[in-house]
Amino acid sequence: MRIFSGIRPTGGLHIGNYLGAIKQWIALQETNECIFCIVDLHAITTPYDPKELQKNILEATAIYLAAGIDPEKSIIFVQSEVKEHSELAWLLETITPMGELSRMTQFKEKSKQYKDYVNAGLFNYPVLMAGDILLYRAKAVPVGKDQEQHVELSRTIARKFNQKFGQIFPEPETILPKTGAKIMSLTDPKKKMSKSDDPKSCISLFDTPEDITKKIMSAETDSGKDVIYNVTKKPGISNLLTIYHLLTDTPIPEIEKQFKGKGYGDFKKALAKVVVDYLEPFRRKQKELQTRDVYVKDILEKGAERARTIAETTMKEVHEKMGLS
Ligand code: TYM
């Protein structure tokens, strides 16, 4: 099965991005044809610094590699290096109703957050995302919960295209992780962890051990003192338990048992150690790759070449179906 997914290189990728998306990719690449993109054209729809963008692209690549994505098995590339993404997005825009786009939760949230930056690119963002997926005729898209609505719209757009111009695209399915599809903020566990939020609310994959410990020790917890999973009554502790569970593969009831009679402080200290140890290879890989620019760029170039071959074939058919050639 062909699989496509991507991450915006906005800097500060966090443990939510890892647990919601990247961790699933590692297992999927073993038995599927996977394409993992660094979606820079999406990253420029919200305020950004052009001087930082290339650095953020290399940082995202380091994360993919540190997490265990194997460039021999999967295609890793940068979206703007394959021009067909922009072209297919334009063509799909001509069949996407504006009403559908104005219903998108992410557009509503981001246009509230960046009131002076509500651009047409931000509005059309989900069509570019549909283009990303359909360009490779991917059958499945492993993402976190917040992207489910966008994948759903990609299905609608695929269906519309097929009905209007003839069958080309499969309707892509979302793959959500069983647990961890929505990791919550450390400072406000009712909100999802987000890189555009307060840095204290997020654990970045390259945070220092000191920062990780500080952030976890000061994470918002709930009234009471028992380490028990209960999302409604104890959203803070439940979020931390989820992270502990996903990083250690220990079932949640077992973790509860382990910390029975101990307070939040002991649990947070243990969690901080788990996170620091788990993320050690990420920090190491980042340091190593900082001195191996040529190697990383070579991976991205080869990835783009492989992606282009698939993209060009799809676009040829799209042109024919739409009467453009
Ligand atoms: P982005 O860059 O915001 O996030 C990348 C991935 O991380 C997941 N994620 C989370 N999962 C669990 N808990 C969280 N708190 C959390 N925050 C983020 C996201 O669901 C996502 O899977 N539009 C996409 C990027 C994109 C894309 C695509 C994805 C562009 N084209 C095509 C799949 C297919 C985005 O902004 O993700």
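This structure is a prediction, so every number in the text was calculated from the model and none was measured.

### Some remarks on the domain arrangement of the protein chain
Domain annotation for the protein chain reports domain 1 (2–179 + 293–322) and domain 2 (206–287). Each side of the interface is counted separately: domain 1 has eleven residues, and domain 2 has eleven residues. Each partner contributes to the roughly 1100 Å² buried at the junction of domain 1 and domain 2, and carbon and sulfur atoms together form 80% of this total. Ranking the residues of domain 1 by area buried against domain 2 places Ile 15, Ala 66 and Thr 179 at the top, with a combined share of 42%. At the boundary of domain 1 and domain 2, one finds zero salt bridges. Scanning the region where domain 1 abuts domain 2 turns up two residue pairs in polar contact (both at pLDDT 80 or more). Of all elements in the fold, only helix H1 (15–28) and helix H3 (50–67) reach the threshold of two or more residues within the side of domain 1 that touches domain 2.

### Looking at helix H8 (residues 148–165)
End to end, H8 covers 26 Å across 18 residues, agreeing with the expected 26 Å (1.5 Å per residue, within 8%). Residues of H8 that are buried include every one of His 150, Val 151, Leu 153, Ser 154, Arg 155, Ile 157, Ala 158, Phe 161 and Asn 162, and no others. One or two residues past the end of H8 sits Gly 166, with phi positive at roughly 115°.

### Some points on the pairing of strand E1 (residues 2–7)
The pairing of E1 with strand E2 (residues 33–38) spans six bridges and is classified as parallel. Its bridge partner lying in E2, Arg 2 is registered against Glu 33. Once the chain exits E1 it traverses H1 before rejoining the sheet at E2, and the crossover so formed is right-handed.

### Things to note about the site of the ligand
Near the ligand, the surroundings consist of 27 residues, among which Arg 8, Tyr 125, Asp 132, Asp 146 and Ile 183 are the closest. Between a nitrogen atom of the ligand and a side-chain N or O atom of Asp 132, the distance comes to 2.7 Å. In this structure, Ile 183 approaches the ligand through a main-chain N or O atom, which is 2.8 Å from a nitrogen atom. Considered on its own, the ligand offers 710 Å² of accessible surface; in the complex 98% of this is hidden by protein.

### Examining the packing of aromatic side chains
For the coordinates displayed, the defined rule picks out twelve aromatic pairs. Pairing Phe 259 with Phe 267 gives two aromatic rings, centres 5.2 Å apart and planes at 75°, and the pair type is edge-to-face. No difference in accessibility class separates Phe 259 from Phe 267, as the two residues are buried. Within the aromatic cluster, the residues linked to one another by ring pairs are Phe 4, Phe 77 and Tyr 136. In this arrangement the basic side chain of Arg 292 is found over the ring face of Tyr 295, its NZ or CZ atom lying 4.0 Å from the centre.

### A look at the pairing of E2
Where burial is concerned, most of E2 is hidden: five out of the six residues are buried. Pairing analysis gives four bridges linking E2 to strand E3 (residues 75–78), with the strands arranged parallel. Each residue of the ladder has a partner; that of Ile 35, found in E3, is Ile 75.

### Describing the pattern of salt bridges
Tallied over the entire structure, the rule returns 20 salt bridges. We note a salt bridge from Lys 73 to Glu 30, for which the minimum N-O separation is 3.2 Å. Here Lys 73, found in the loop between H3 and E3, pairs with Glu 30, found in the loop between H1 and E2; they are 43 residues apart in sequence, far enough to count as distant. Asp 298 is the salt-bridge partner of Lys 302, the closest N and O atoms lying 2.8 Å from each other. One end of the pair, Lys 302, and the other, Asp 298, are both in helix H13 (residues 293–322), four residues apart, so they sit about a helical turn from each other. With relative accessibility at 34%, the residue Asp 298 sits in the partly exposed group. What emerges from the salt-bridge pattern is a single network uniting Glu 152, Arg 155, Arg 159, Glu 171 and Glu 173.

### Quick look at the packing of helix H6 (residues 105–113) against helix H7 (residues 120–135)
Following both chains from N to C, one finds H6 and H7 inclined at 160°, their axes separated by 9 Å at the closest point. If you check the angle between H6 and H7, you find them roughly antiparallel. As for the relative orientation of H6 and H7, their crossing is right-handed in sense. Residue-level inspection shows Gln 106, Phe 107, Lys 110 and Ser 111 of H6 in contact with H7, the latter providing Leu 122, Phe 123 and Tyr 125. Along the lines of polarity and charge, the residues of the contact of H6 with H7 split into four nonpolar, two polar and one charged.

### Quick word on the environment of Pro 209
Along the polypeptide, Pro 209 turns up in helix H9 (residues 209–217). Separated by 112 residues in the primary sequence, Pro 209 and Pro 97 have C-alpha atoms spaced 48 Å apart. Aside from chain neighbours lying at most four places away, what touches Pro 209 is Val 276 and Arg 283.

### Points about the nonpolar core
Phe 267, Val 275 and Phe 282 are the most contacted members of the largest nonpolar core, which has 59 residues in total. In terms of residues, this core owes the most to one element, helix H12 (residues 264–290), which gives ten residues. For this core, the two domains that each supply at least three residues are domain 1 (2–179 + 293–322) and domain 2 (206–287). The residues contacting Val 275, other than those within four sequence positions of it, are Ile 15, Ile 203, Ile 212, Ile 216, Ile 243 and Leu 247. Counting residues in each nonpolar core, the second largest holds 41 residues, with Val 39, Ile 133, Val 151 and Ile 310 among its members.

Criteria and cut-off values
Residues numbered from 1 in each chain as written. Predicted model: local features only at pLDDT ≥ 70, side-chain atom pairs only at ≥ 80, totals over all residues. Heavy atoms only, no water. Domains from an automatic or database assignment. Contact = heavy atoms within 4.5 Å. Buried area = accessible area lost by both parts, 1.4 Å probe. Salt bridge = Lys/Arg side-chain N within 4 Å of Asp/Glu carboxyl O. Polar contact = N/O pair within 3.5 Å; in protein donor to acceptor, adjacent residues only side chain to side chain. Helix = DSSP H or I, 4+ residues; strand = E, 2+ residues; numbered from the N terminus. Expected span 1.5 Å × (residues − 1). Buried < 20%, exposed > 50% of the residue type's maximum accessible area, 1.4 Å probe, protein only. Pairing = 2+ DSSP bridges. Right-handed = clockwise from strand over helix to strand, strands pointing away. Near = heavy atom within 4 Å. Areas by Shrake-Rupley, 256 points an atom, 1.4 Å probe, with all protein chains shown as cover. Phe/Tyr/Trp six-rings, centres within 6.5 Å; stacked < 30°, edge-to-face > 60°. Lys NZ or Arg CZ within 6 Å of the ring centre and 35° of its normal. Axes fitted to C-alpha atoms, helices over the stretch in contact; angles between N-to-C directions. Parallel < 35°, antiparallel > 145°, perpendicular 65-115°, else oblique. Left-handed = near helix turned anticlockwise from the far one by under 90°. Nonpolar A, V, L, I, M, F, W, Y, C, P; charged D, E, K, R; others polar. Core = buried A, V, L, I, M, F, W, Y, C linked by side-chain atoms within 4.5 Å.

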